[in-house]
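In case you want the letters, here they are:
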Amino acid sequence: MFRSFFVIAAAAAYLTNGSARADALQDQVVALAKATRTDMYDFRRTIIIESNVAKGRAVLQQFDPRRPLDDRWVLITVDGRTPTSKEVEDARNAGRDPFPPYYAVAKWFGAPAMRSETAPGYVTYKFESLLPGTLKFGSHDVSADTKAEALVNIKGNVPFIEELHLASTKGFRMMLVASMGSMTYTMRYRQLPDGNVVPLDAVSDINGSAMGKSGKVHTIATFSDFQAAK
C-alpha cells in the first residue's frame, strides 16, 4: 500500500505555469525546450523501485510515438519476466508520466533565479521556491515549498539543462490518510547528435507515511536505445 501510494504520487507530480524570463541564457534554454517534440524517437525506459516496506520492482517499458496517443508506452518485462495481462492493463491505465520530458522545463525555467558560473562550460541557476501552480502532487500544490537547481551546459552552440534537482522544504498531507515528509528529484538530460535533448536518467526519493505506516521509496529510471521514429 505504501509503495503504491507514493509511486502514484510521484507519477502525479508535474510542472505547469511559467513566468517572465530572468536573462538571455534562460531565454535560449526555454526556446529549445519549447521546440522539443515527444514524437521523434522510440526508446526504452527501465524503472527500478526500492522500498523499505515492500518488495522491490524492476520494469522495462518501450515508448513508440507511432502508436495511438494513449497506448505509446508498452510494458516489456516486470522483474525480468513477461508481464501478466493485468500488469499490462494496469500499466496502460497508469496515467501521467512520472518523469516529465524536456519540454516541460519551458513552463517554469524562465522565472528569476540566482545565477552562478560554477565550472567551465556550465552555468547554475538556483530557485529558492517555485511559483504557485508550478509543481503539483495530485491536486496538492507544493511549488512554494520546493527549491530547484538547474545546471546548464553552454559548451555547444545551443545551451541546455544537463541536470535538474528539485527538493522539498516542507512536508504536507494528502487525502487525509497519507503524508509526504520529504522529496528529492534529480533528472539528467543529454543532447543527441541532431541537437535534440532527451532524458538520460532520473532518481527520486520520497519519505512519508500512508495508512499509519512510515517508509521510504527510492526510484531510478534510465532511458536508452533512442531511435528516430520513421
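The coordinates are above.
Now for a look at the structure at hand. Keep in mind the model is a prediction, meaning the values are calculated, not measured. (Residues numbered from 1 in each chain as written. Predicted model: local features only at pLDDT ≥ 70, side-chain atom pairs only at ≥ 80, totals over all residues. Heavy atoms only, no water.)

1. What about helix α2 (residues 24-35)?
Link 1 in the chain: Taking 1.5 Å per residue as the helical rise, α2 with its twelve residues ought to reach 16 Å, and the 17 Å between its terminal C-alpha atoms agrees with that figure.
Link 2 in the chain: Considered for burial, the residues of α2 that qualify are L25, Q26, V29, V30, L32 and A33. Here the buried residues of α2 occupy an arc of 160° about the axis, which is enough to place them on one side. Residues of α2 that are exposed and point more than 90 degrees away from the buried face comprise A24, K34 and A35.
Link 3 in the chain: Of the surrounding elements, those touching the buried residues of α2 are β5 (114-119), β6 (122-127), β9 (146-153), β10 (160-168), β12 (178-191) and β13 (197-210).
Link 4 in the chain: A side-chain oxygen of the first residue of α2 lies 3.2 Å from the backbone nitrogen of L25; this N-cap is D23. (Helix = DSSP H or I, 4+ residues; strand = E, 2+ residues; numbered from the N terminus. Expected span 1.5 Å × (residues − 1). Buried < 20%, exposed > 50% of the residue type's maximum accessible area, 1.4 Å probe, protein only. Arc of directions from axis to C-beta. Contact = heavy atoms within 4.5 Å. Polar contact = N/O pair within 3.5 Å; in protein donor to acceptor, adjacent residues only side chain to side chain.)

2. Here's the deal with the nonpolar core
Buried together is how nonpolar side chains tend to be arranged in soluble globular proteins.
Link 1 in the chain: In this structure, Y102, V105, W108, F109, F127 and I161 are the most contacted members of the largest nonpolar core, which totals 46 residues.
Link 2 in the chain: Those residues in contact with Y102, other than ones at most four positions away along the chain, are V29, L32, A33, T36, F160, I161, Y189 and V197. (Core = buried A, V, L, I, M, F, W, Y, C linked by side-chain atoms within 4.5 Å.)

3. Re the pattern of salt bridges
Link 1 in the chain: A full pass over the atoms with the stated rule returns ten salt bridges.
Link 2 in the chain: One salt bridge in this structure joins D71 and R67, with 2.7 Å as the shortest N-O distance.
Link 3 in the chain: Judged by its relative accessible area of 19%, D71 falls in the buried class.
Link 4 in the chain: A relative accessible area of 31% means that R67 is categorised as partly exposed.
Link 5 in the chain: By sharing partners, the salt bridges in this structure join D23, R115 and E117 into a single network. (Salt bridge = Lys/Arg side-chain N within 4 Å of Asp/Glu carboxyl O.)

In short, the description is geometric, and any link to function would need to be established separately.
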